[in-house]
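Secondary and tertiary structure notes
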Amino acid sequence: QDLHTDANTKGRGVVSVGPYTPVFCLEIACWLNEASWQAYYTPVGITPLDPDVPAMHLEGIGLRLEGAVYDESTDTQAYVATNLAAQVDGDEDTIIVVAFRGSTSPTNLQTDLKSRQVPLLDQLTGIGVSPFSIFTDRVEVNDDDGWIWQTPEPESKESLQCVVSWVSPKPTWVPGICSRHEEDSKLLTVSKGARRILQATPVARDSFPLVHDGFQEVYSHIRRKLLDILLPVLQRQLGRVVREGQSRGEREPLALPKIYCTGHSLGGSLAQLLALDLANNCGLMLPTQLSSTLEHFYDAEMGGKPSKPSTTSQSGLRLQPPIAVYTFGQPRIGNKAFSRLYKQRVPHTFRVVNEGDAITAMPNRLFCGGVYKHSGLEVLLDEGQTGNILVGPTVVETLFRFHQMRTSVLAHTMQRYRDCLECAF
């Protein structure tokens, strides 16, 4: 049920009430496929280690480079860009694209082979107060003890709150609403020693979100540099949107800036970790005047029975930024507990998979450090380039396509993904 929708927002539902159903958009998939391809080139301002790698050209796909990150120790590269003009999903400078590069070097291969499962960092799980608050005029980082940037557990804390299970089969919130719903999860306070014992027990490990050791290690290396670029851009866009909304009047829609996380292969796994991090730890703080307007709108639309899927504070209304994820040829990241957590926090996630792509079947039971399960809705492309696409294929649909075993390395290339997507047009 879209409450704020009109021609000014190009058909986007800004605030929704009720079950949220992600919709796969082929135009956006092709656009982000090109953005993922550009991540393999050299961003402006970064000295390439390989002089044969040309510079990226984002203007051709309607993007402006806001900043780039390169970590030499892990050979990881990513960039943050905004849209130059109105796109299929938003007006000018209302969309942020974060794209990660896939594997290109022996260092990246070593990262891929670190398939041992380790506990998801508490900094990414979203326990406690959200550390990143985006206001219209500033960005506040709640990091008094320096804990949110630390990869190891802080020695000063004798006990920690751990997420042990998620009991709600479906999310009770949607992107653009609030990011805190503690009733959906069970929190357990345990000592660090007891926690290590639980995480080492095979039966108990399934209750903890576990992830690929190499992917999490790489993301923790670039996390701070990436957020230092991304958060100020989000604050700039939010400030401009709110000022324009206040000038238009109470009944006009408020189109929040949207964040797209994308990447190919290894880059797709890093994109999902970033999306989960933002969904759990980042909040958009709207002014008090605007929050009262939205509450009045809910009262009118719901027949005097307001349904407020958000929290208010002295600073106003706190919203989760709208986040969408499109990945291409992405390997598995974590176990079933991680998959459940990710589905609740970032439901608008699509894993575009080329039929026969061998990398999307890794890590498997024969070559991994635990039982892995994919996160996000699968979008299966026909490798025969017929234009056929299966969004969320069922077990029966997958079973009757057994002739295409996922053993092809050529099906993993960016060129093959581009061809299969464009065949649908």
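Everything below is about the structure shown above.
So, here's what we can say about the structure. All of these numbers come straight from a predicted model, not from anything done at the bench. (Residues numbered from 1 in each chain as written. Predicted model: local features only at pLDDT ≥ 70, side-chain atom pairs only at ≥ 80, totals over all residues. Heavy atoms only, no water.)

1. Thoughts on the overall build of the chain
- A tally of regular secondary structure across the chain gives 11 helices and 17 strands.
- Going through the 425 residues of the chain one by one, you find that 54% of them count as buried.
- Look at the contacts in the chain between residues 6 or more apart in sequence, and 76% of them connect residues 24 or more apart.
- Summing over all exposed atoms, the chain offers an accessible surface of approximately 18600 Å²; the carbon and sulfur share of this is 54%. (Helix = DSSP H or I, 4+ residues; strand = E, 2+ residues; numbered from the N terminus. Buried < 20%, exposed > 50% of the residue type's maximum accessible area, 1.4 Å probe, protein only. Contact = heavy atoms within 4.5 Å. Areas by Shrake-Rupley, 256 points an atom, 1.4 Å probe, with all protein chains shown as cover.)

2. Here we look at unusual backbone geometry
- The step from methionine 362 to proline 363 runs through a cis peptide bond, and the omega angle for that step is -15°.
- Relative to the elements of secondary structure, proline 363 occurs in the loop between strand 15 (349-354) and strand 16 (377-381).
- Even without glycine at this site, aspartate 75 takes up a positive phi of about 55°.
- For aspartate 75, the position within the fold is in the loop between strand 1 (63-71) and strand 2 (76-83).
- For aspartate 75, a relative accessible area of 12% puts it in the buried group.

3. Quick word on helix 1 (residues 26-38)
- The terminal C-alpha atoms of helix 1, which comprises 13 residues, lie 19 Å apart, in line with the 18 Å expected from a rise of 1.5 Å per residue.
- Taking burial as the measure, the 13 residues of helix 1 include 12 buried ones, the bulk of the element.
- Those residues of helix 1 not exposed but buried are Leu26, Ile28, Ala29, Cys30, Trp31, Leu32, Asn33, Glu34, Ala35, Ser36, Trp37 and Gln38. (Expected span 1.5 Å × (residues − 1).)

4. Remarks on the pairing of strand 11 (residues 282-286)
- Burial of strand 11 is extensive: 5 of the 5 residues sit out of reach of the surface.
- Where burial is concerned, the two faces of strand 11 agree: the one with Cys282, Leu284 and Leu286 and the one with Gly283 and Met285 are both buried.
- Bridging between strand 5 (residues 132-134) and strand 11 involves 3 bridges; their strand directions are parallel. Each residue of the ladder has a partner; that of isoleucine 134, found in strand 11, is leucine 284. (Pairing = 2+ DSSP bridges.)

5. Re the side chain of histidine 212
- Its location among the elements puts histidine 212 in strand 9 (residues 210-212).
- Accessibility expressed as a relative area gives 0% for histidine 212, which makes it buried.

6. Quick word on the pattern of salt bridges
- Counted according to the given criterion, the structure contains 9 salt bridges.
- In this structure, glutamate 66 engages arginine 236 in a salt bridge whose closest nitrogen and oxygen atoms are separated by 3.2 Å. Taken together, the residues glutamate 66 in strand 1 and arginine 236 in helix 6 (residues 213-248) connect sequence positions 170 residues apart.
- Here glutamate 66 falls in the partly exposed class, since its relative accessible area comes to 26%.
- The exposure class assigned to arginine 236 is partly exposed, which follows from its relative accessible area of 33%.
- Here the residues in one salt-bridge network are Glu66, Asp93 and Arg236, joined through shared partners. (Salt bridge = Lys/Arg side-chain N within 4 Å of Asp/Glu carboxyl O.)

7. A short note on the packing of aromatic side chains
- On inspection of all chains with the given rule, the structure shows 7 aromatic pairs.
- Centroid distance tryptophan 31 to tyrosine 260: 6.2 Å. Interplanar angle 80°. Geometry classified as edge-to-face. Of this pair, tryptophan 31 sits in helix 1 while tyrosine 260 is found in strand 10 (residues 258-264), placing the two residues 229 residues apart along the sequence. A single burial state applies to tryptophan 31 and to tyrosine 260, both of which are buried. (Phe/Tyr/Trp six-rings, centres within 6.5 Å; stacked < 30°, edge-to-face > 60°.)

8. Brief notes about the sheet that holds strand 1
- If you trace the 8 strands from one edge of the open sheet to the other, you get 1-2-3-10-14-15-16-17, paired in mixed fashion. Two strands close off the open sheet at either side, each with one partner strand: strand 1 and strand 17 (389-391). Pairs of neighbouring strands in the sheet enclose a mean axial angle of 15°, with direction left out of account.
- Contacts from helix 7 (residues 266-281) reach strand 2, strand 3 (95-100), strand 10, strand 14 (323-328) and strand 15, with the element oriented near 155° to strand 10. (Axes fitted to C-alpha atoms, helices over the stretch in contact; angles between N-to-C directions.)

9. Some thoughts on a nonpolar patch on the surface
- Residues Val396, Leu399 and Phe400 make up a contiguous nonpolar surface patch of about 360 Å² in total accessible area.
- Here leucine 399 falls in the exposed class, since its relative accessible area comes to 56%. (Patch = residues over 30% accessible without salt bridge, like charges linked within 9 Å, V, L, I, M, F, W, Y side chains within 5 Å.)

10. Digging into the environment of tyrosine 79
- Its location among the elements puts tyrosine 79 in strand 2.
- In the structure, tyrosine 79 is positioned 36 residues away from proline 43 in sequence and 7.4 Å away in space, judged by C-alpha atoms.
- Those residues in contact with tyrosine 79, other than ones at most four positions away along the chain, are Ala35, Gln38, Ala39, Met56, Leu58, Leu63, Leu65, Gly67, Ala68, Val97, Val98 and Ala99.
- Within the structure, tyrosine 79 has its side chain in polar contact with the backbone oxygen of alanine 35 (distance 2.7 Å). (Polar contact = N/O pair within 3.5 Å; in protein donor to acceptor, adjacent residues only side chain to side chain.)

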